[in-house]
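Read off the chains here:
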Amino acid sequence: MDIEELQTFVEVADAGGVSPAALRLGVSKSIVSRRLFRLEAELGVQLLARTTRGAALTEAGATFRDYAARVCAEIDVAKETILPAGDLRGRLRVAVPLSFGQTHFAPILAEMARRHPQLQIHTCYSDRFVDLITEGYDCAIRVGYLQDSNLIARRVGPLYGKLVASPDYIKAHGSPETPEELVAHEALMQGTEAWQLMDGDEIITVRPQGRFKADNGPALVAAAAAGLGIAYLPDCLTHEYIASGALVPVMTHYPPPPAAAYVIRPPGQHPARKIRVLTELLIEYCEPAPHLAPAPFR
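So, here's what we can say about the structure. (Residues numbered from 1 in each chain as written. Predicted model: local features only at pLDDT ≥ 70, side-chain atom pairs only at ≥ 80, totals over all residues. Heavy atoms only, no water.)

**Some words on the nonpolar core**
- Residues L92, V94, F105, L278 and L282 are the most contacted members of the largest nonpolar core, which totals 35 residues.
- Element by element, the count of residues in this core is highest for helix α11 (residues 273-286), at six residues.
- Look past the residues within four positions of L282 in its chain and what remains in contact with it is F105, I108, I141, V156, V263 and E287.
- Counting residues in hydrophobic clusters, the runner-up holds 17 residues, among them V12, V18, L36 and C72. (Core = buried A, V, L, I, M, F, W, Y, C linked by side-chain atoms within 4.5 Å. Buried < 20%, exposed > 50% of the residue type's maximum accessible area, 1.4 Å probe, protein only. Helix = DSSP H or I, 4+ residues; strand = E, 2+ residues; numbered from the N terminus. Contact = heavy atoms within 4.5 Å.)

**As for the pattern of salt bridges**
- Per the stated rule, a full pass over the model turns up eight salt bridges.
- Across the pair E4 and R35 runs a salt bridge whose closest N-O atoms are separated by 3.3 Å. In this pair, E4 sits in helix α1 (residues 3-15) while R35 sits in helix α3 (residues 29-43), placing the two residues 31 residues apart along the sequence.
- Look at E4 and you get partly exposed, because its relative accessible area is 40%.
- Two residues, R114 and E111, come together in a salt bridge whose shortest N-O distance is 2.8 Å. You can see R114 and its partner E111 sitting in helix α5 (residues 98-115), three residues apart, about one turn around the helix.
- Several salt bridges share partner residues, and in doing so they unite D14, R65 and D66 into one network. (Salt bridge = Lys/Arg side-chain N within 4 Å of Asp/Glu carboxyl O.)

**A closer look at the side chain of K274**
- Mapped onto the elements of the fold, K274 is located in helix α11.
- D138 provides the closest opposite charge to the buried, salt-bridge-free K274, at an N-O distance of 4.1 Å.
- Separated by 2.4 Å, the side chain of K274 and the backbone oxygen of R91 make a polar contact. (Lys, Arg positive; Asp, Glu negative; His and termini not counted. Polar contact = N/O pair within 3.5 Å; in protein donor to acceptor, adjacent residues only side chain to side chain.)

**Description of the packing of aromatic side chains**
- This model, assessed by the stated rule, comprises two aromatic pairs.
- Residues F9 and F64 carry aromatic rings whose centres are separated by 5.7 Å and whose planes lie at 40 degrees to one another, so their mutual orientation is tilted. Of this pair, F9 sits in helix α1 while F64 sits in helix α4 (residues 59-82), and the two are 55 residues apart along the sequence. Accessibility classification places F9 together with F64 in one group, the buried group.
- When the centroid spacing of 5.3 Å and the interplanar angle of 35 degrees are considered together, the rings of W195 and Y232 count as tilted. (Phe/Tyr/Trp six-rings, centres within 6.5 Å; stacked < 30°, edge-to-face > 60°.)

**Describing unusual backbone geometry**
- The backbone of M251 sits at a positive phi, close to 55 degrees, despite the residue not being glycine.
- If you trace the backbone, M251 turns up in the loop between β13 (248-250) and β14 (259-265).
- When its relative accessible area of 5% is taken as the criterion, M251 is described as buried.

**Here's the deal with the packing of helix α9 (residues 217-225) against helix α10 (residues 235-244)**
- Contact pair α9 / α10: the axes reach a minimum separation of 10 Å and the direction vectors enclose 25 degrees. With respect to α10, the axis of α9 lies roughly parallel. Of the two elements, α9 crosses α10, and the hand of that crossing is right-handed. Where α9 abuts α10, its residues G217, P218, V221 and A225 lie against L237, T238 and Y241.
- Tallied by class, residues from the contact of α9 with α10 come to five nonpolar, two polar and no charged. (Axes fitted to C-alpha atoms, helices over the stretch in contact; angles between N-to-C directions. Parallel < 35°, antiparallel > 145°, perpendicular 65-115°, else oblique. Left-handed = near helix turned anticlockwise from the far one by under 90°. Nonpolar A, V, L, I, M, F, W, Y, C, P; charged D, E, K, R; others polar.)

Here it is in structure tokens:
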């Protein structure tokens, strides 16, 4: 049984159709269809029911998918085992936050590609929540506070933040001193999120309000610098603005609790070596660096 046919079937099953699976695999839809046809012909059963909206697993397909996924995972482990020490091949699909992924994590991913010329790295930069399993990613880099899930997380570096505003905003509206005063100010937010602040060892949750919202950090930094309100942002986005005086910290007696950057992967007994290598590289350059900015590569 061809391993490519098994891998293709698993991708189609997880992606929910031939087109998204072809995009994940980097091949044409016709190649995906031929592989599925050969696999079904060899097994003598229908694995997928084609619909106008994609493909759904048959009862036999649902049963076979789990076995096929385990076989593919074992083959990947076997390939890694026999590779020369330090050599990586295949493909690594990584979801990375847009807000500072391009400036803080992109150089690290580029360095990984330079060190491993036979490894394909496909990166998606977005601040939306990416479903690793459904969308077929090997791992993701996430920052902030982790939500409970069945995914496996490894901390790779600290992340510090603060509340900031422009001097013009503070001159016009004053600087809040307490959480109660904060809720009366214009907040710059990504959605309807709550803000967590530390009062000594106690965590306080504040639900601010504001008319300006954006789905990424750089846009919120720009809005804060323009005097539109108070933003709750990581230091890696604001430290240059604070150094220049364009932004100033507020509510310094109620700092946000420390957060972190993590590598997240789907559940499994052992992470693939390519994920371990990426994790180690991120730890090497993020853990000791201020503002989560990677040190120069040597």
